[in-house]
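Single-letter residue listing:
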Amino acid sequence: MEYGSIERELRIDATPEVVYEVVSSPEHLREWWPDDAELDPVPGGTGRIVFGDPASPDAKVEQLTVVEADPPRRFAFRWVYDKGESAAPDNSLLVTIDLVPSGDGTLLRFTESGFRERGWEAAVLEKAYAEHVQGWDHFLPRLVARANSLVARP
């Protein structure tokens, strides 16, 4: 495997405007991805997400930096970089979410890249990549369900 990027396409029965809110606002992020989220969803905005109880020392905290915010077309951020550092192409992963109108819904194109650029040794790279594939395969269907629930039709 080349461990370069993770790519997924998802069909969502909600407009790009609704889906954009689901992928960029902390209130919605908490409903499908982390247990807690704080984020200023504008280019250059920073924040953090927490997996687990935020009060617990075992919680996993990741910093985020928004790279692109172009509602309702694209939301991109860098994450998985060391505390105290500024996110850059060689020290973080880049998540890009493109939203394309499709009928009365949205085609979401998800990409996470930057694994090789981190300079990790092979075993660390392989493990991180596998963990992220497993994570996104768990969380992205929850994103779809969250967006669809906001426009549930009677």
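Residues numbered from 1 in each chain as written. Predicted model: local features only at pLDDT ≥ 70, side-chain atom pairs only at ≥ 80, totals over all residues. Heavy atoms only, no water.

## Some thoughts on empty space enclosed by the protein
Part 1 of the argument: For the structure shown, the criterion picks out 1 cavity of 30 Å³ or more.
Part 2 of the argument: What lines the largest cavity is simply Val23, Leu29, Trp32, Trp33, Phe77, Val95, Ile97, Phe110 and Trp136.
Part 3 of the argument: Its residues placed into classes, the lining of the largest cavity shows 9 nonpolar, no polar and no charged. (1 Å grid on protein atoms, 1.4 Å probe; cavity = no way out; pocket = protein on both sides within 12 Å on 5 of 7 lines; lining within 4 Å. Points joined across faces, edges and corners; volume = space filled by probe spheres on them. Nonpolar A, V, L, I, M, F, W, Y, C, P; charged D, E, K, R; others polar.)

## Structural notes on the nonpolar core
Part 1 of the argument: Counting 36 residues, the largest nonpolar core has Trp33, Trp79, Leu108 and Trp136 as the members making the most contacts within it.
Part 2 of the argument: A per-element tally of this core places helix H3 (residues 122–150) first, with 8 residues.
Part 3 of the argument: Setting aside its immediate chain neighbours within four residues, leucine 108 contacts Arg8, Glu9, Leu10, Ile12, Val19, Val23, Ile97, Asp98, Leu99 and Leu143. (Core = buried A, V, L, I, M, F, W, Y, C linked by side-chain atoms within 4.5 Å. Buried < 20%, exposed > 50% of the residue type's maximum accessible area, 1.4 Å probe, protein only. Helix = DSSP H or I, 4+ residues; strand = E, 2+ residues; numbered from the N terminus. Contact = heavy atoms within 4.5 Å.)

## Focus on the packing of aromatic side chains
Part 1 of the argument: For the structure on display, the rule yields 13 aromatic pairs.
Part 2 of the argument: Where tyrosine 3 meets tyrosine 129, the ring centres are 5.1 Å apart and the plane angle is 75°; that geometry is what we call edge-to-face. Residue tyrosine 3 is found in the segment before strand E1 (5–12), and its partner tyrosine 129 is found in helix H3; the two are separated by 126 residues along the sequence.
Part 3 of the argument: By relative accessible area, which is 15% here, tyrosine 3 ends up buried.
Part 4 of the argument: Residue class for tyrosine 129 comes out buried when judged on its relative accessible area of 10%.
Part 5 of the argument: Here tyrosine 20 and phenylalanine 75 contribute two aromatic rings whose centre-to-centre distance is 5.9 Å and whose plane-to-plane angle is 85°, an arrangement assigned as edge-to-face. (Phe/Tyr/Trp six-rings, centres within 6.5 Å; stacked < 30°, edge-to-face > 60°.)

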